[in-house]
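Residues per chain, in single letters:
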Amino acid sequence: MTFQKISSSRIYRGRVFDLHQDEVRLPNGRVVQLDIVQHPGAVVLVPVDAQGNIWFVRQYRHAAGTEMLELPAGTMERGEDIESCAYRELREEIGMAAGEVLKIGEFFMAPGYSTEYVYIYLATSLQPAPLPGDDDEFIHVERMAAGEAFELAEKGQIPDAKTVAALSLARPHIQRF
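Residues numbered from 1 in each chain as written. Predicted model: local features only at pLDDT ≥ 70, side-chain atom pairs only at ≥ 80, totals over all residues. Heavy atoms only, no water.

Caption draft 1: Region of interest: the nonpolar core. Grouped together as the largest cluster of nonpolar side chains are 25 residues, with contacts concentrated most on Val 46, Ile 54, Phe 56, Leu 71, Ile 120, Leu 167 and Ile 174. Within the residue set of this core, elements represented by two or more residues are strand S4 (42–47), strand S5 (53–61), strand S8 (96–108), strand S9 (117–128), helix H2 (146–154) and helix H3 (161–174). By residue number, the principal contributor to this core is H2, which donates five residues. Non-local contacts of Leu 71, meaning those with residues more than four positions away in its chain, are made with Val 44, Leu 45, Val 46, Pro 47, Ile 54, Trp 55, Phe 56, Val 57, Thr 163, Ala 166 and Leu 167. Counting residues in hydrophobic clusters, the runner-up holds 16 residues, among them Met 76, Cys 85, Leu 90 and Leu 126. (Core = buried A, V, L, I, M, F, W, Y, C linked by side-chain atoms within 4.5 Å. Buried < 20%, exposed > 50% of the residue type's maximum accessible area, 1.4 Å probe, protein only. Helix = DSSP H or I, 4+ residues; strand = E, 2+ residues; numbered from the N terminus. Contact = heavy atoms within 4.5 Å.)

Have a look at this one:
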């Protein structure tokens, strides 16, 4: 199948992402307009301490209208490499530095309308090393045993897709602790 981008125009420039409208010729020859969120990419961290606890953040998510329990995560800054973003976000969100990060997966968040690509890292050998967080984030840090975290995800009690996916990818690595 051949899809041909005929044109693309930015219709919105935001702080975190841009919105483009693309004109695309489909394999059947029909031309459609598609709205695409252009996103720089993000990281999700699965921080595990020496006791086998996983560190989470609880924060209000305006689009969802509720507080959510999530793994620490964040958007890459322009020109920032993925691993540097992982180390930085961990320090900003939970105040801990990782002695080691291991990439355990990656995926598109919503490929139907967004270019956002997410990298999942297991973070271990945690040590206190806080950095100031973002001005618009009000985060409460929570720790829980890995088994409890997996159970919450399996029971559908964690509604954040990136957290559920990251926990699933991390499970084989965490069971080694």
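Moving on from the model shown.
Caption draft 2: Summary view of helix H1 (residues 82–94). Helix length check: H1 (13 residues) gives 18 Å between terminal C-alpha atoms against 18 Å at 1.5 Å per residue, within 8%. Along H1, the residues that are buried comprise Cys 85, Ala 86, Arg 88, Glu 89, Leu 90, Glu 92, Glu 93 and Ile 94. Elements in contact with the buried residues of H1: S4, S5, strand S7 (73–75), S8, S9 and strand S10 (140–145). The distance from a side-chain oxygen at the start of H1 to the backbone nitrogen of Glu 83 is 3.2 Å, and the residue carrying that oxygen is Asp 81. Gly 95 sits one or two positions beyond H1 and adopts a positive phi of about 70 degrees. (Expected span 1.5 Å × (residues − 1). Polar contact = N/O pair within 3.5 Å; in protein donor to acceptor, adjacent residues only side chain to side chain.)

Caption draft 3: Seen up close, the pairing of S9. As judged from the six bridges shared by S4 and S9, these two strands associate in the parallel manner. Bridge pairing in S9 links Val 46 to Leu 122. Judged from the 11 bridges that link them, S8 and S9 form a sheet pairing that is antiparallel. Considered in S9, the bridge of Gly 105 is made with Ile 120. (Pairing = 2+ DSSP bridges.)

Caption draft 4: View of the sheet that holds S9. In space, the four strands of this open sheet follow the order S7-S4-S9-S8, with mixed pairing throughout. In this open sheet, the two strands that pair with only one neighbour each are S7 and S8. Put simply, the sheet's adjacent strands are angled 25 degrees from each other on average, direction ignored. Its contacts with the sheet place H1 against S4, S7, S8 and S9, and it is angled at close to 120 degrees to S8. Strands in contact with H3 are S4, S7, S8 and S9; relative to S8, the strand with the most contacts, it is inclined by about 115 degrees. (Axes fitted to C-alpha atoms, helices over the stretch in contact; angles between N-to-C directions.)

Caption draft 5: Representation of the packing of aromatic side chains in the model. Under the criterion given, the structure shown has three aromatic pairs. Measuring from ring centre to ring centre gives 6.4 Å for Tyr 12 and Phe 17, while their planes differ by 50 degrees; the resulting arrangement is tilted. With a relative accessible area of 45%, Tyr 12 lands in the partly exposed category. Look at Phe 108 and Tyr 117: their rings are 4.8 Å apart centre to centre, the planes differ by 75 degrees, and that puts the pair in the edge-to-face class. Tyr 117 gets classed as partly exposed once you look at its relative accessible area, which sits at 21%. An aromatic cluster of three or more residues is present, and its members are Phe 108, Tyr 117 and Tyr 119. (Phe/Tyr/Trp six-rings, centres within 6.5 Å; stacked < 30°, edge-to-face > 60°.)

Caption draft 6: Representation of a nonpolar patch on the surface within the structure. Side chains of Ile 11, Tyr 12, Val 16 and Phe 17 sit close together on the surface and give an oily, nonpolar patch of about 350 Å² of accessible area. Mapped onto the elements of the fold, Ile 11 is located in strand S1 (residues 4–13). A relative accessible area of 47% places Ile 11 in the partly exposed class. (Patch = residues over 30% accessible without salt bridge, like charges linked within 9 Å, V, L, I, M, F, W, Y side chains within 5 Å. Areas by Shrake-Rupley, 256 points an atom, 1.4 Å probe, with all protein chains shown as cover. Salt bridge = Lys/Arg side-chain N within 4 Å of Asp/Glu carboxyl O.)

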